[in-house]
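# Secondary and tertiary structure notes
If you want the building blocks of each chain, they are given just below.
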Amino acid sequence: MSNPPQPHSSDPDILVVGAGFFGLTIAERCAADLGLKVLVIDRRSHIGGNAYSEREPETGVEVHKYGAHLFHTSNERVWEYVNRFTSFTDYKHRVFGKYQGQVYSLPMNLGLINQFFGRSHTPDEARALIAEQSSEIATDQASNLEEKAISLIGRPLYEAFIKGYTAKQWQTDPRELSADIITRLPVRYTFDNRWFNDRYEGLPVDGYTAWLERMADHPNIEVRLETDFFDVADEFKGRVPIVYTGPVDEYFGNSEGRLSWRTVDLEESVVETDDFQGTGVVNYNDQDVPYTRIIEFKHFHPERVKTHLPGKTVIVHEYSRFAGVDDEPYYPVNTAEDREKLLRYRDLANKEPMVLFGGRLGTYKYLDMHMAIGSALSMYDNKLRPHFADGAELKSGGVDE
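The structure displayed is predicted, hence computed values, not measured ones.

### Section: the packing of aromatic side chains
Evaluation of the coordinates by the stated rule reveals 31 aromatic pairs. Between F71 and W211, the ring centres sit 5.5 Å apart and the planes meet at 80°, which makes this aromatic pair edge-to-face. Taken together, the residues F71 in strand β5 (residues 71-73) and W211 in helix α8 (residues 208-216) connect sequence positions 140 residues apart. The burial state of F71 is the same as that of W211; both residues are buried. An aromatic cluster of three or more residues is present, and its members are F21, F71, W79, F88, Y200, Y208 and W211. One Lys or Arg, R44, reaches over the ring of Y66 and ends 4.2 Å from the middle of that ring. The ring of F322 has R262 sitting right over it, with the charged end atom 4.3 Å from the ring centre.

### So, the sheet that holds strand β14 (residues 313-322)
Strand order in the open sheet formed by seven strands is β7-β6-β12-β13-β14-β11-β15, and the pairing between neighbours is mixed. Because the sheet does not close on itself, it has two edges, and the strands there are β7 (102-106) and β15 (331-332). Of the pairings in the sheet, the one linking strand β11 (residues 261-271) to β14 comprises ten bridges and is antiparallel in character. In the sheet register, T263 faces β14, and the bridge partner there is R321.

### Thoughts on the UniProt feature "domain: UDP-galactopyranose mutase C-terminal" (unreviewed entry) in the protein chain
Summarizing the sequence annotation, UniProt attributes the feature "domain: UDP-galactopyranose mutase C-terminal" (unreviewed entry) to residues 160-366 in the numbering used throughout. With 25% helix and 21% strand, residues 160-366 has end C-alpha atoms that lie 26 Å from one another.

### A word on the nonpolar core
Ranked by size, the top nonpolar core spans 103 residues in total, and within it I26, V38, F71, W211 and L384 carry the most contacts. Counting six residues, the second largest nonpolar core, distinct from the first, contains V282, Y284, V289 and I315.

### As for the sheet that holds strand β16 (residues 355-357)
One open sheet accounts for five strands, arranged β9-β2-β1-β10-β16; its pairing is parallel. Edge positions in the sheet fall to β9 (221-224) and β16, since each of these pairs with one other strand and no more. If you compare each strand with its neighbour and ignore which way they point, the axes differ by 20° on average. Across three bridges, strand β10 (residues 242-244) lies against β16 in parallel orientation. From the neighbouring strand, Y244 faces β16, where its bridge partner is F357. Each of β1 (14-17), β2 (38-41), β9 and β10 is contacted by helix α1 (residues 21-34), which is oriented at about 165° to β2, the strand it contacts most. Sitting on the sheet, helix α9 (residues 229-236) touches β1, β2 and β10, and the angle it makes with β10 is about 160°.

### Notes on the pairing of strand β12 (residues 281-284)
Successive side chains on a regular strand alternate, one facing one side of the sheet and the next facing the other. Burial along β12 is two-sided: V281 and N283 and V282 and Y284, pointing in opposite directions, are all buried. Direction of pairing for strand β6 (residues 95-99) relative to β12: parallel, over a ladder of four bridges. The residue of β12 that forms the bridge with V95 is V281. Bridge count for β12 against strand β13 (residues 293-296) is three bridges, and the pairing is antiparallel. Following the sheet pairing, V281 is matched in β13 by I295.

### As for the pattern of salt bridges
Overall, the coordinates contain 27 salt bridges when judged by the stated rule. Of the charged contacts, one joins R188 and D192 as a salt bridge, the two residues approaching to 3.7 Å between their closest N and O atoms. A residue is classified by how much of its surface remains accessible, and R188, at 14% relative accessible area, is buried. Between E256 and R344 there is a salt bridge whose closest N-O contact spans 2.8 Å. One end of the pair, E256, is in the loop between α10 (248-251) and β11; the other, R344, is in helix α11 (residues 336-351), and 88 residues separate them in sequence. The exposure class of E256 is partly exposed, given its relative accessible area of 24%. Within the structure, one salt-bridge network assembled from shared partners comprises R43, D228 and E250.

### Examining α8
Turning to α8, its buried residues number three or more, namely Y208, T209, W211, L212, M215 and A216. In an axial view of α8, the angular spread of the buried residues amounts to 160°, which keeps them on one side of the axis.

Calculation criteria
As a convention, each chain's residues are numbered from 1 in the sequence order in which they are written. Thresholds applied to this predicted model are a pLDDT of at least 70 for local features of residues and 80 or more for the giving and counting of side-chain atom pairs; totals over whole chains, interfaces and linings are not thresholded and use all residues. Side-chain numbers come from the whole structure's heavy atoms, not from hydrogens or water. Classification of ring pairs uses Phe, Tyr and Trp, with its six-membered ring standing for Trp, and accepts pairs whose centres are within 6.5 Å; under 30 degrees between planes counts as stacked, over 60 as edge-to-face, and the remaining range as tilted. For the purposes of this entry, the term helix denotes a DSSP run of H or I that reaches at least four residues, the term strand denotes a run of E that reaches at least two, and both are numbered from the N terminus. Buried, partly exposed and exposed residues are distinguished by accessible area as a fraction of the type maximum, computed with a 1.4 Å probe on protein chains only: under 20%, between the cut-offs, and over 50%, respectively. Consider the ring centre and the ring normal. A charge sits over the ring if Lys NZ or Arg CZ is within 6 Å of that centre and within 35 degrees of that normal. For two strands to be treated as a pair, DSSP must find at least two bridges joining them. UniProt positions are given in the numbering used here, feature names are shortened, and annotations may be inferred rather than shown by experiment. By nonpolar core we mean a set of buried residues, namely Ala, Val, Leu, Ile, Met, Phe, Trp, Tyr and Cys, connected to one another through side-chain atoms within 4.5 Å. Here an axis means a line fitted to C-alpha atoms, over the contact stretch when the element is a helix, while the angle between two N-to-C directions is reported on a 0 to 180 degree scale. Only heavy atoms matter for contacts: two residues are in contact if any of them lie within 4.5 Å across the pair. Salt bridge criterion: a side-chain nitrogen from Lys or Arg within 4 Å of a carboxyl oxygen from Asp or Glu. As used here, the arc belongs to the directions running from the helix axis to the C-beta atoms.

Here it is as structure tokens:
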């Protein structure tokens, strides 16, 4: 049996593949807490993964280049950690939905119910109305997404606010989608229209890119951009621990088959008006409207109004479709076939020497930002710190965490 390759004196102590929130959290903790020499590589030309943002040059409006990113969490440790690198505004995310020429306040709440059904309801009256309408189908008898949704909120609300939007998101008739896709459809019997229920919510005062750059700003961290892991893998595999946050199927050469993802196309434009839609996000629930929503970024930071060019605004039309080989994967489709493939990839990952898999792509899970950070902190606590500080064996894997 041959001996494993020995680290070179110039090798980092750990290699992190991917400069998104998961990878940078790992890098920062290893560098700042343990004093390790960390190399972070990313195939893109910028750090931050999908959270990357930049100012649109004509208007000065900060644009989230990979779709709207709204930070929220109820995790005290995550909140304490992220506040080391940025302060947050008091922004509270609210979403509106357009259906048949009218705009409604989402998520489904007492205001929407009153407006949609054309009269005032008390909370008890609204509960009784939805209970009556949803009694058409028993939830445990639902055989597809449409039946499941109707069993939860009734047919009128389903057809207005779920059916068309879901069909566009999945490019599939909801009657052909699994009932498992939705576990619940919340209806608030108050006028509360905050999109998130978390204790903490806001946007980074100086923007996402500034926040992410501060995480990477440590003398023990080197970031190499426009560097593909597979071009340099042989230099590091077997020599130093690797935290890999790219697609798990790609790591293994798609040997068990490609995992399926949804992606989004984002069409950005500058519009000659001070205010295009009066809020940050409007969903388009009619199925004959091809895009799922329009984002107007200046509403995310109203405190910056004096830094924006008057008379112009930046909007993005968002379209959803299945991801091709060269597309950026956003949301795991997670069919039964995908789950079978993932189990096989987990087995392979557990056998890969000194490699931990994490993040949205590495675990084939949709992770909000706070979830990615929390997951990275857990990996650091449970695997990396015990290995480097106490000499514990580094057990590979992590796909299932």
